[in-house]
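Listed here are the chains, written in short residue letters.
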Amino acid sequence: MPSPFPGMDPYLERSAIWPDFHDRLITHIGEQLQPLLRPKYVSLTRDRLYVIEHRRPVWPDVSIIRTRSHAAPAGETATAVLEEVDEPVVIGFVREEVREPVIHIIEPAAGNRIVTAIEILSPDNKTPGEGQRSYLQKRSELEQADTNLVEIDLLRAGQATVRKPQNGQPPLREHHYLVSVTRSWASRYELYPISIRKRLPRVQVPLTGDDPDVLLDLQAAFTRCWDAGPYPELLGYDGPPPGPLSEADVAWCRKLLEAASTRSERGSETQP
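The paragraphs below set out a description of the structure included in this document. Small disclaimer: the values here were computed from a predicted structure and weren't measured. In every chain, residue numbers begin from 1 and rise along the written sequence. Restriction of local features to residues with pLDDT of at least 70 applies here, the model being predicted, together with a cutoff of 80 or more for giving and counting side-chain atom pairs; totals for whole chains, interfaces and linings are based on all residues. Each side-chain value is worked out from all heavy atoms of the structure, with water and hydrogens disregarded.

### Here we look at the nonpolar core
Right, on to step 1. One finds Met8, Leu12, Phe21, Ile29, Ile118, Ile152 and Val179 to be the most contacted residues of the largest nonpolar core, which totals 45 residues.
Right, on to step 2. Per-element accounting of this core gives the leading share, seven residues, to helix H1 (residues 18–37).
Right, on to step 3. Among all residues touching Ile29, those that are not within four sequence positions of it are Ile103, Ile118, Ile120, Ile152, Leu216, Leu218 and Ala221. By nonpolar core we mean a set of buried residues, namely Ala, Val, Leu, Ile, Met, Phe, Trp, Tyr and Cys, connected to one another through side-chain atoms within 4.5 Å. Exposed residues in this analysis have more than 50% of their type's maximum accessible area, buried residues have under 20%, and partly exposed residues fall in between, with area computed by a 1.4 Å probe over protein chains only. Starting at the N terminus, helices and strands are each numbered in turn, a helix being any DSSP run of H or I of at least four residues and a strand any DSSP run of E of at least two. Contacts were defined at the residue level, with two residues in contact if any of their heavy atoms lie within 4.5 Å.

### A short note on the packing of H1 against helix H3 (residues 218–228)
Right, on to step 1. Where H1 contacts H3, the axes come no closer than 9 Å and their chain directions differ by 125°. Comparing their axes, H3 and H1 come out oblique. Of the two elements, H1 crosses H3, and the hand of that crossing is right-handed. Between H1 and H3, the residues in contact are Phe21, Arg24, Leu25, His28, Ile29, Glu31 and Gln32 and Leu218, Ala220, Ala221, Phe222, Arg224, Cys225 and Ala228, respectively.
Right, on to step 2. Residues are grouped as follows: Ala, Val, Leu, Ile, Met, Phe, Trp, Tyr, Cys and Pro are nonpolar; Asp, Glu, Lys and Arg are charged; all remaining types, including Gly, are polar. Here the residues of the contact of H1 with H3 sort into nine nonpolar, two polar and three charged. What counts as an axis is a line fitted to C-alpha atoms, over the stretch in contact for a helix, and the angles between N-to-C directions run from 0 to 180 degrees. For classification purposes, angles smaller than 35 degrees are called roughly parallel, those larger than 145 roughly antiparallel, those between 65 and 115 roughly perpendicular, and all remaining angles oblique. Should the near helix be turned anticlockwise from the far one by less than a right angle, the crossing is termed left-handed; should it be turned clockwise, right-handed.

### Brief notes about H1
Residues spaced three or four apart along an α-helix face the same direction, because each turn holds 3.6 residues.
Right, on to step 1. Working rule for helices: expected span equals 1.5 Å times residues minus one. When the terminal C-alpha atoms of H1 are compared, their 28 Å separation across 20 residues agrees well with the 28 Å that a helix rising 1.5 Å per residue should span.
Right, on to step 2. Taken as a whole, H1 has its buried residues at Trp18, Phe21, His22, Leu25, Ile26, His28, Ile29, Gly30, Leu33, Gln34 and Leu37.

This is the structure in C-alpha cells:
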C-alpha cells in the first residue's frame, strides 16, 4: 500500500518508528547514488558514534540505622539508642552509545578522501545535548577539511540545526522540512525548502573540481524505503501527526487519510 501523502509521511516522525526509517533511508540513498558515482567515486555508509549520559535519582531500598550504647549505672542493664543516619540522594549515570549512520562519498584514487558527506538529521541532532554537540562538531570538521555537505532535515520537531538564511538574507518560503547543500569550494550553500503537501525534491549533490553534480531523487529514495519497510502496518494513523502543524495542515492530513481509507474499502469490496 503506498503512502497516502505525496511526499514525506509526517507520521514517520513517531519516536518508535523514526530510527528504523532513518537507517533504511540512508541505505536507499546510498543505493540510488552508487551507479551515478562510478567509476571515480564510491558511496559508503559509516557510523558516527557518541555517548549520552542519562541521569536519574537512585533511592536506597533500606535505611541504615546506627546504634549507640549508653553506659548504665552499676547493677542496671545498658540500653541501645537508635540513631537514623541521613542518606544522600544518589544520582546514577546510565551511559548509552548512540550510532548514527551517515553517507560518505569518497574518491579511492585520492586515498579514500571524503568528497561529500550526506547527513539525515535525527531527533538528538535537533535537541540541545551531546547528540547536537556531536553533530555540530562533525559539521565543523567537514568544513575545515573542505568537504561538501548535504543536510537532510525531515523532522518538524526540535531546533533548526541545518544552515538557514541569517539576518539580512532573503527569508525562505514557508516550509516544514529542509535540505541544505554546502559546496566547500564555492563558500556557499543551497537550500531546498519543502512543504508537507509536496513531493520531496531532487537534490544536486556536489562532487569535486569540474565533475558534474549527481542527482539525488529524495522522493524516489523515500518510496523505495516505504515499499521495503513495515510502515503501512505500523503507523495506524490514529490521532494527529506528531510534531508542530497548523490547524489547516492537520485538516489536510485528515482529508488525505479519509480518502485513502475510502479507496482501501472500495478495493476490498471488489476483491473476489
